[in-house]
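Okay, here's what each chain looks like letter by letter:
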Amino acid sequence: MLERVAHLLPSELTAVLARMPAKAQEGLEEIRIRDNRPLEVWTLGVSTFVSSSGSLSDNPEGAYKPSFEVCRKLLERMTNHSVYAMEEELRRGYITVEGGHRIGLAGRTVLEEGRVRGIRDIGGFNVRIARDVMGVAGQTLPQLLDRANRTIASTLIVGAPRQGKTTYIRDLARAISYGRWQSPQALGWSGRKVGIVDERSEIAACVRGVPTFDVGPRTDVMDACPKAEGMMMMIRSMSPEVLIVDEIGRDEDVEAIREAVRAGVSVVATAHAGEWEEAASRPALKRLLQEGSFARGVVLRRTVTGLSVKVVELPAAATAAASVTGSAARAAGHSTASPREPTANARAGDRHAP
């Protein structure tokens, strides 16, 4: 995986990483570069420090420490030597580059009227290496189908950071677009028109508007666009049958998903949460679940044996009750978003991407 991002890195840094064992290079997930502090990588699912000779250790003593000059070169490469042209990306705290790789940034924030306008004095970088895993969603796709409408049911996918949510929804988009439903009950179903709102340019990894990942032949992408606005633009302009978005959670996301569902569009979205109960307790997500906007839930978790995928079916009675008597149910202390027992608990391959 090192070769995928080597062109972004200063030669001094690339030389150190290239001395790591081949297996560690292939398993690279994150490269954490901190000004004059130990070089850290996440590889094969664990954190480790890297020495100048490429040896790996849990002990930061003896690790290679990138200099200020190395960090300066790294920032210049990431921004094509124009930091000011990347003002919006710096405000968000990350830059997404060609290939869908995301570089998180840490430093001193610049405030304007109490809001973050950008970051300066950048001294920390987290290079997250994107990779595509075909078929990772195939085993559980049959449990997500809306058979009455011959499409996928609206689905909320949750997991902690680095559990594979983006990889999973990319594979769902591809399967839905091609019509690869993975179920005997879906024989004869055609693919569906898919709209991806890719605010961070990670799902499709577009370059000049063209996806570099295969997201399917019936898929349109609204790249680098805020999710809520992008969903409404996509519905008005491209009439998708399925909308796919990453990392929802803001109030404006909730309203956009409501509008999409009312328009008859299936929505597949991800959110940060370690467990389903955590997702159901987040105010924005709780409202959507109580209103019945999602019919299925998926919990992703990485394990030592691979990716654990748990599917839950959201009970129709609960969602219907929420839309009619939500206030009374909340007053009585009942949760209208509690899922039924898992309908599937499958394991996907142990290859994974952020």
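Check the entry above for the structure.
Residues numbered from 1 in each chain as written. Predicted model: local features only at pLDDT ≥ 70, side-chain atom pairs only at ≥ 80, totals over all residues. Heavy atoms only, no water.

Student: Tell me about the overall build of the protein chain, and name the residues and values.
Tutor: Looking only at helices and strands, one finds eleven helices and 19 strands in the protein chain. Burial statistics for the protein chain: of 354 residues in total, 53% are counted as buried. Taking all contacts inside the protein chain whose residues are at least 6 apart in sequence as the whole, residues at least 24 apart take part in 64%. Carbon together with sulfur atoms contributes 49% to the accessible area of the protein chain, which is approximately 16,000 Å² in total. (Helix = DSSP H or I, 4+ residues; strand = E, 2+ residues; numbered from the N terminus. Buried < 20%, exposed > 50% of the residue type's maximum accessible area, 1.4 Å probe, protein only. Contact = heavy atoms within 4.5 Å. Areas by Shrake-Rupley, 256 points an atom, 1.4 Å probe, with all protein chains shown as cover.)

Student: Any chance you could break down the pattern of salt bridges for me, citing the residues and the numbers?
Tutor: In a structure, side chains of opposite charge can pair up when their charged atoms sit close to one another. A full pass over the atoms with the stated rule returns 28 salt bridges. The shortest N-O distance in the salt bridge between Glu76 and Arg72 comes to 2.6 Å. Here the residue Glu76 and the residue Arg72 both occupy positions in helix H4 (residues 68-78), the gap between them amounting to four residues, near one helical turn. Residue class for Glu76 comes out partly exposed when judged on its relative accessible area of 26%. Taking the relative accessible area as the measure of exposure, Arg72 reaches 32% and is therefore partly exposed. Arg250 serves as the salt-bridge partner of Glu199, at 3.8 Å between the closest nitrogen and oxygen. Of this pair, Glu199 sits in the loop between strand S11 (194-198) and strand S12 (206-207) while Arg250 sits in the loop between strand S15 (242-245) and helix H8 (251-262), and the two are 51 residues apart along the sequence. A residue is classified by how much of its surface remains accessible, and Glu199, at 13% relative accessible area, is buried. A single salt-bridge network, built from bridges that share partners, covers Glu29, Glu30, Arg32, Arg128, Arg162 and Arg302. (Salt bridge = Lys/Arg side-chain N within 4 Å of Asp/Glu carboxyl O.)

Student: Any details on the packing of helix H7 (residues 227-238) against H8? Residues and values, ideally.
Tutor: Close contact between H7 and H8 brings their axes to 8 Å; oriented N to C, the two are set at 20°. Put simply, H7 runs roughly parallel to H8. Relative to H8, H7 is oriented so that their crossing is left-handed. Taken together, the residues of H8 that come into contact with H7 (itself represented by Lys227, Ala228, Met231, Met232 and Ile235) are Glu252, Asp253, Ala256, Ile257, Glu259 and Ala260. Its residues placed into classes, the contact of H7 with H8 shows seven nonpolar, no polar and four charged. (Axes fitted to C-alpha atoms, helices over the stretch in contact; angles between N-to-C directions. Parallel < 35°, antiparallel > 145°, perpendicular 65-115°, else oblique. Left-handed = near helix turned anticlockwise from the far one by under 90°. Nonpolar A, V, L, I, M, F, W, Y, C, P; charged D, E, K, R; others polar.)

Student: Just give me the short version of the side chain of Ser51, but keep the residues and values in it.
Tutor: You can see Ser51 is positioned in the loop between strand S3 (46-50) and strand S4 (56-57). On the basis of relative accessible area, Ser51 is assigned to the buried category, the value being 12%. Reaching out from Ser51, the side chain makes a polar contact with the side chain of Ser53 at a distance of 2.9 Å. Only 2.6 Å separates the side chain of Ser51 from the side chain of Ser55, close enough to count as a polar contact. (Polar contact = N/O pair within 3.5 Å; in protein donor to acceptor, adjacent residues only side chain to side chain.)

Student: Outline the sheet that holds S3, listing residues and values.
Tutor: Pairing is antiparallel across the open sheet formed by seven strands, whose spatial order is S4-S3-S2-S1-S7-S6-S5. Looking at the sheet topology across the chains shown, the edges are occupied by S4 and strand S5 (94-96). (Pairing = 2+ DSSP bridges.)

Student: So what about the layout of surface pockets? Which residues, and what values?
Tutor: Approximately 450 Å³ is the volume found for the largest pocket. Lining the largest pocket are 21 residues; nearest its centre among them are Met86, Ile95, Thr96, Val97 and Glu98. Elements supplying a minimum of two residues to the lining of the largest pocket: H4, helix H5 (87-92), S5 and S12. Along the lines of polarity and charge, the residues of the lining of the largest pocket split into nine nonpolar, six polar and six charged. (1 Å grid on protein atoms, 1.4 Å probe; cavity = no way out; pocket = protein on both sides within 12 Å on 5 of 7 lines; lining within 4 Å. Points joined across faces, edges and corners; volume = space filled by probe spheres on them.)

Student: Hey, could you go over the side chain of Thr151 for me, with residue numbers and the actual values?
Tutor: Its location among the elements puts Thr151 in strand S9 (residues 151-152). On the basis of relative accessibility, which here comes to 6%, the residue Thr151 falls in the buried class.

Student: Kindly report on the packing of H8 against helix H10 (residues 283-290), identifying the contributing residues and their values.
Tutor: It is at 9 Å that the axes of H8 and H10 come closest, and there the two elements cross at 15°. As far as their axial angle goes, H10 and H8 are roughly parallel. With respect to the hand of their crossing, H8 and H10 are arranged in right-handed fashion. Between H8 and H10, the contacting residues are Asp251, Val254, Ile257 and Arg258 on the first element and Ala284, Arg287 and Leu288 on the second. For the contact of H8 with H10, a count of residues per class yields four nonpolar, no polar and three charged.

Student: Which residues make up unusual backbone geometry, and what values do they have?
Tutor: The phi dihedral of Glu113 falls on the positive side, at around 55°, and the residue is not glycine. As for its placement among the helices and strands, Glu113 is situated in the loop between strand S6 (102-112) and strand S7 (115-128). Non-glycine residue Ser239 carries a positive phi angle of around 40°. Mapped onto the fold, Ser239 is located in the loop between H7 and S15.

Student: Account for helix H6 (residues 165-178), with residues named and values stated.
Tutor: In a regular helix each residue adds 1.5 Å, so 14 residues correspond to 20 Å; H6 covers 20 Å between its end C-alpha atoms and thus fits that length. Within H6, 13 of the 14 residues are buried, leaving the element largely enclosed by the surrounding structure. Of the residues one or two after H6, Gly179 is the one with positive phi, at around 85°. (Expected span 1.5 Å × (residues − 1).)

Student: Help me get a handle on the pairing of S7, residues and values and all.
Tutor: The sheet contact formed by strand S1 (residues 28-34) and S7 spans five bridges and is antiparallel. Among the inter-strand pairings, Arg34 is bridged to a residue of S7, identified as Gly124. Pairing of S6 with S7 involves ten bridges; the strand directions are antiparallel. Counterpart to Gly104 in the pairing with S7 is Asn126. The antiparallel pairing of S6 with S7 creates a hairpin that spans two residues between the two strands, and Glu113 there sits at a positive phi of about 55°.

All quantities given are derived from atomic positions and should not be read as evidence of function.
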